[in-house]
Amino acid sequence: MAIIDEMDRRILRVLRRDGRISNLALAESVGLSASACLRRVAALEKSGVIRGYRAVLSPEKTGVGFVAYITVGLSSHTKAAQEAFERAISQAPEVRECHNITGNVEYLLRIEAADLVAYKHFHTEVMGTLPQVNAVTSYVVMGSPKDERA
């Protein structure tokens, strides 16, 4: 496990907000020389603390007009059932996130679709055909006042 000090945390806070910031601007914002900042970022990348950089896309401009979180309960609680479910949903482009969780259900999924009709198709033709699925509950996103995913 990498040891992260306060300077690393400052660097990570800035990079979380703007992963494309130049090294010079990053160094200035955290109070380091450019070379020291570059060494720290490289070490954070090498150690796996920074796993990558992503573009934050506009849902409206990419055709995503419908977002829902769904919980999924499986009919069988075996490793084989979980693996089969995970393989199946990994092929569904509507599934943007999949989390194995504790509680009354096994999974929490973030679904992005063009509209309600496209979501219904996913719900019926993908989720509804998986033999491992016992229960699906949908939570439609009405707005996102805070969203720090990138």
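Everything quoted here is computed from the prediction, not taken from an experiment.

Rules used in this analysis
Residues numbered from 1 in each chain as written. Predicted model: local features only at pLDDT ≥ 70, side-chain atom pairs only at ≥ 80, totals over all residues. Heavy atoms only, no water. Helix = DSSP H or I, 4+ residues; strand = E, 2+ residues; numbered from the N terminus. Rg over C-alpha atoms; globule rule 2.2 N^0.38 Å. Buried < 20%, exposed > 50% of the residue type's maximum accessible area, 1.4 Å probe, protein only. Contact = heavy atoms within 4.5 Å. Pairing = 2+ DSSP bridges. Axes fitted to C-alpha atoms, helices over the stretch in contact; angles between N-to-C directions. Polar contact = N/O pair within 3.5 Å; in protein donor to acceptor, adjacent residues only side chain to side chain. Salt bridge = Lys/Arg side-chain N within 4 Å of Asp/Glu carboxyl O. Phe/Tyr/Trp six-rings, centres within 6.5 Å; stacked < 30°, edge-to-face > 60°.

Draft legend 1. Layout of the overall build of the protein. Per the secondary structure count, the protein includes 5 helices and 4 strands. For the protein, the α and β elements follow one another from N to C terminus as α-α-α-β-α-β-β-α-β. The C-alpha radius of gyration computed for the protein amounts to 20 Å, which surpasses the reference 15 Å derived for 150 residues by more than 25%, pointing to a less compact arrangement than a globule. Counting only C-alpha atoms and orienting by the principal axes, one finds that the protein spans roughly 55 × 35 × 25 Å. Taken across its 150 residues, the protein has 29% of its residues classed as buried. By sequence separation, contacts in the protein at least 24 residues apart represent 64% of the contacts at least 6 residues apart.

Draft legend 2. Region of the structure containing the sheet that holds strand S4 (residues 133-140). Spatial strand order, S2-S3-S1-S4: 4 strands in an open sheet with antiparallel pairing. At either end of the open sheet lies a strand with only one pairing partner, and these are strand S2 (95-100) and S4. Strand-to-strand, the axes of this sheet are offset by a mean angle of 20 degrees, without reference to chain direction. Here S2 runs beside strand S3 (residues 107-113); their pairing, made up of 5 bridges, is antiparallel. Each bridged residue has a counterpart across the sheet, and for His99 the counterpart in S3 is Leu108. Packed onto the sheet, helix H4 (residues 79-90) meets strand S1 (66-74), S2, S3 and S4 and runs at close to 15 degrees relative to S3.

Draft legend 3. Spatial organisation of the side chain of Arg110. Turning to its location among the elements, Arg110 is positioned in strand S3. Looking at Arg110, its side chain comes within polar contact range of the side chain of Glu112, at 3.3 Å. With residues up to four places along the chain from it excluded, the contact list for Arg110 reads Val67, Ala68, Tyr69, Glu94, Val95, Arg96, Glu97 and Arg149.

Draft legend 4. Broad picture of the pattern of salt bridges. Overall, the coordinates contain 9 salt bridges when judged by the stated rule. A salt bridge links Arg13 to Glu6, with the nearest nitrogen and oxygen atoms 3.2 Å apart. Under the relative-accessibility criterion, Arg13 is labelled partly exposed at 40%. Here Glu6 falls in the partly exposed class, since its relative accessible area comes to 45%. As a salt-bridge pair, Glu148 and Lys146 come within 3.7 Å of each other at their nearest N and O atoms. We note that Glu148, like Lys146, is exposed. The network of salt bridges with shared partners includes Asp5, Asp8 and Arg40.

Draft legend 5. Fine view of the packing of aromatic side chains. Applying the stated rule across the entire model yields 3 aromatic pairs. Judged by centre distance (4.6 Å) and plane angle (40 degrees), the ring pair of Phe85 and Tyr107 falls under tilted. Highlighted residues: Phe85 in helix H4 and Tyr107 in strand S3, separated in sequence by 22 residues. Across the pair, exposure class does not vary: Phe85 and Tyr107 are buried alike. Their ring planes at 40 degrees and their centres at 6.3 Å tell us that Tyr119 and Phe122 sit as a pair that is tilted. Here Tyr119 and its partner Phe122 are both found in helix H5 (residues 116-125), 3 residues apart, which amounts to about one turn of the helix. Note on Tyr119: relative accessible area 5%, which makes it buried.

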